[in-house]
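# Per-entry structural report
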Amino acid sequence: MRDLEAEQLLVRVQQNDQGAMMAFYDRYFGMVAGFCRKILTGSNASVADEAIQDTFWYVWKHADKFDGSKAALTTWLYIISRSRCLDVLRHEKTVEDVTEELPETERGADDEPLVTEVLGRLEQTRLNDAIQSLPPPQQDVIRKIYLLGYTAKEVAESQNISLGTIKTRLRLALDKLRRLMEEEVGADES
Amino acid sequence: MNHDGALNALPLYSMDLLDSAEAKELEAHLKTCAACRQELESLAMVNEDLITELSHEDWSGHEKLHDDFTKKLLHEPISSPIPLRRRPRPSWKMGAWAATIAIALLGWGSAYQAHQEASYSNQILAMVSHGQQVPLASTTTGAVRHVDLYVQPRSNKALVWVKKLPPIQPNQVYEGWWIVGKAPVPAGTFKEGPHFLARPRGASAFAITIEPSGGTTKPTTPILVVGTV
């Protein structure tokens with residue numbers, strides 16, 4: 001459901017209304033902080049705080065990029081937070097690699113431990129059961145695209161399959177997740 | 001883009017992961033296809049559910065981070081399209097928004113309702129956001145002087161924010177003056193940065209001079225900036 005009140009706050013943020021920005025900050029702090037701290041579990045607390053502040057600073061600077069007809073506000077915030085957290089983790093990994101003087105590897109290979117680490121943290125939720133029930137190729141595409149923000153093209157290239165196949169898998173996976181979640185809601189209500 | 005292609009592209013579009021060319025094609029299709037528009041709405045809800053599953057709210061550290069963010073925001077130069085000068089009196093709709101924001105500034109949600117007293121930064125922010133800005137003009141042609149003055153129409157509260165004035169010596173301060181009738185009334189002393197003042201009844205103008213530390217009862221140096229309240 002669209003949060004029209006929050007979207008109107010964003011309109012005022014676009015007009016450089018600092019009061020509206022702080023109202024927005026207060027409204028979504030809990031969600032953004034919860035997500036950043038979950039992904040950055042194990043990192044220094046100040047690193048997660050930095051990711052939280054960076055997320056809101058991005059909102060302040062780029063509120064005009066939000067398109068309510070395309071995605072819900074929480075989805076947009078999630079995408080920003082995820083991007084900030086993954087940048088932080090990639091930076092941490094790079095620093096570690098330099099310290100240990102490991103040979104430089106391909107970017108994709110660099111990301112593999114990161115993928116495993118982040119997925120481990122994110123999937124300690126009820127969502128894990130739902131994802132586990134999907135066929136493995138669909139699990140993979142949901143994880144890479146939804147949880148890690150890879151583009152469909154990147155996933156297609158990494159697996160050497162067509163972009164169309166990736167899109168179909170994603171759609172089928174989402175259809176199934178939607179059904180599972182509806183069943184869960186139905187079971188909760190009965 | 002045909003209908004099947006659009007259906008396949010919608011999940012990526014809903015997560016902002018579609019490249020711009022394909023997004024434009026899809027948007028053209030969406031204008032003519034009610035089924036795809038409905039599917040997009042449905043996907044938005046699925047996305048929200050997934051995100052809700054991934055994120056559990058965590059309000060720890062909110063107060064400190066809120067203050068840090070406020071400070072950073074206040075130091076951000078505003079190149080605002082919003083007319084800051086003499087905003088019209090808020091309508092009831094604006095009032096509702098102001099109330100929303102005031103609630104947010106004073107404390108939003110159970111996790112921080114205990115912190116109902118707004119911090120100094122928040123008070124500044126509220127004044128800058130909702131007060132009326134009074135233009136202050138330099139009395140010397142060509143001199144770059146920048147002072148912001150905000151007043152609240154329904155209270156005696158005012159905020160003066162010195163950003164650029166001729167430098168003062170260690171034994172000097174800037175002193176503000178309200179003009180009541182035709183007489184200057186001391187408004188308080190301050191240095192660079194924001195400073196709250198009380199505005200007396202009947203004040204029709206505001207001016208700033210440089211005075212010895214502690215201030216004086218009458219201006220002893222030329223006025224630097226002045227404006228009509």
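So, here is what we can say about the structure in this document. Treat the numbers as computed from the prediction; the structure is a model and nothing was measured.

### A few points about the interface of chain A and chain B
Each partner contributes residues to the interface: chain A has 61 residues there, and chain B has 58 residues. When the two sides are added together, the surface that chain A and chain B hide from each other amounts to roughly 5600 Å², 64% of it contributed by carbon and sulfur. Note that B:Glu22 and A:Lys167 form a salt bridge whose closest N and O atoms lie 2.2 Å from each other. Our count for the contact surface shared by chain A and chain B stands at 11 residue pairs in polar contact (both at pLDDT 80 or more). Residue assignment for the side of chain A that touches chain B shows that the elements contributing at least two residues are helix H1 (4–14), helix H2 (18–39), helix H3 (45–62), helix H4 (73–100), helix H7 (136–147) and helix H9 (163–189) of chain A.

### Quick notes on the packing of H3(A) against helix H4 (residues 62–74) of chain B
Packing of H3(A) against H4(B) leaves a shortest axis separation of 11 Å and a crossing angle of 40°. When the interaxial angle is binned, H3(A) and H4(B) end up oblique. The way H3(A) lies across H4(B) gives a crossing that is right-handed. Residues A:Asp49, A:Ile52, A:Gln53, A:Phe56, A:Trp57 and A:Trp60 of H3(A) lie in contact with H4(B), whose contacting residues are B:Leu65, B:Asp68, B:Phe69, B:Lys72 and B:Leu73.

### A closer look at the pattern of salt bridges
Applying the stated criterion across every chain, the model contains six salt bridges over all chains. Of the charged contacts, one joins B:Asp68 and B:Lys64 as a salt bridge, the two residues approaching to 2.7 Å between their closest N and O atoms. Here B:Asp68 pairs with B:Lys64, and both are found in helix H4, just four residues apart, close to one helical turn. Using a relative accessible area of 30% as the deciding quantity, one classes B:Asp68 as partly exposed. Salt bridges sharing common partners tie together A:Arg37, A:Asp49 and B:Asp58.

### Describing the pairing of strand S6 (residues 183–190) of chain B
Residue and element names in this part refer to chain B. Taken together, the seven bridges between strand S5 (residues 172–180) and S6 define a ladder with antiparallel strand orientation. Looking across to S6, one finds that glutamate 175 is bridged to threonine 189. Connecting the antiparallel pair S5 and S6 is a turn made up of two residues, with glycine 181 showing a positive phi of about 65°.

### A few points about the sheet that holds strand S4 (residues 157–164) of chain B
Residues and elements named next belong to chain B. A sheet is described by the order of its strands in space; here four strands give the open sequence S1-S3-S4-S7, paired in antiparallel fashion. Every other strand in the sheet has two partners, leaving strand S1 (132–134) and strand S7 (193–198) as the edge strands with one partner each. Neighbour to neighbour, the strand axes of the sheet diverge by 25° on average, direction disregarded. Bridging between S4 and S7 involves six bridges; their strand directions are antiparallel. Paired with lysine 157 across the bridge in S7 is alanine 198.

Thresholds, definitions, all that
Residues numbered from 1 in each chain as written. Chains lettered and ligands numbered in written order. Predicted model: local features only at pLDDT ≥ 70, side-chain atom pairs only at ≥ 80, totals over all residues. Heavy atoms only, no water. Contact = heavy atoms within 4.5 Å. Buried area = accessible area lost by both parts, 1.4 Å probe. Salt bridge = Lys/Arg side-chain N within 4 Å of Asp/Glu carboxyl O. Polar contact = N/O pair within 3.5 Å; in protein donor to acceptor, adjacent residues only side chain to side chain. Helix = DSSP H or I, 4+ residues; strand = E, 2+ residues; numbered from the N terminus. Axes fitted to C-alpha atoms, helices over the stretch in contact; angles between N-to-C directions. Parallel < 35°, antiparallel > 145°, perpendicular 65-115°, else oblique. Left-handed = near helix turned anticlockwise from the far one by under 90°. Buried < 20%, exposed > 50% of the residue type's maximum accessible area, 1.4 Å probe, protein only. Pairing = 2+ DSSP bridges.

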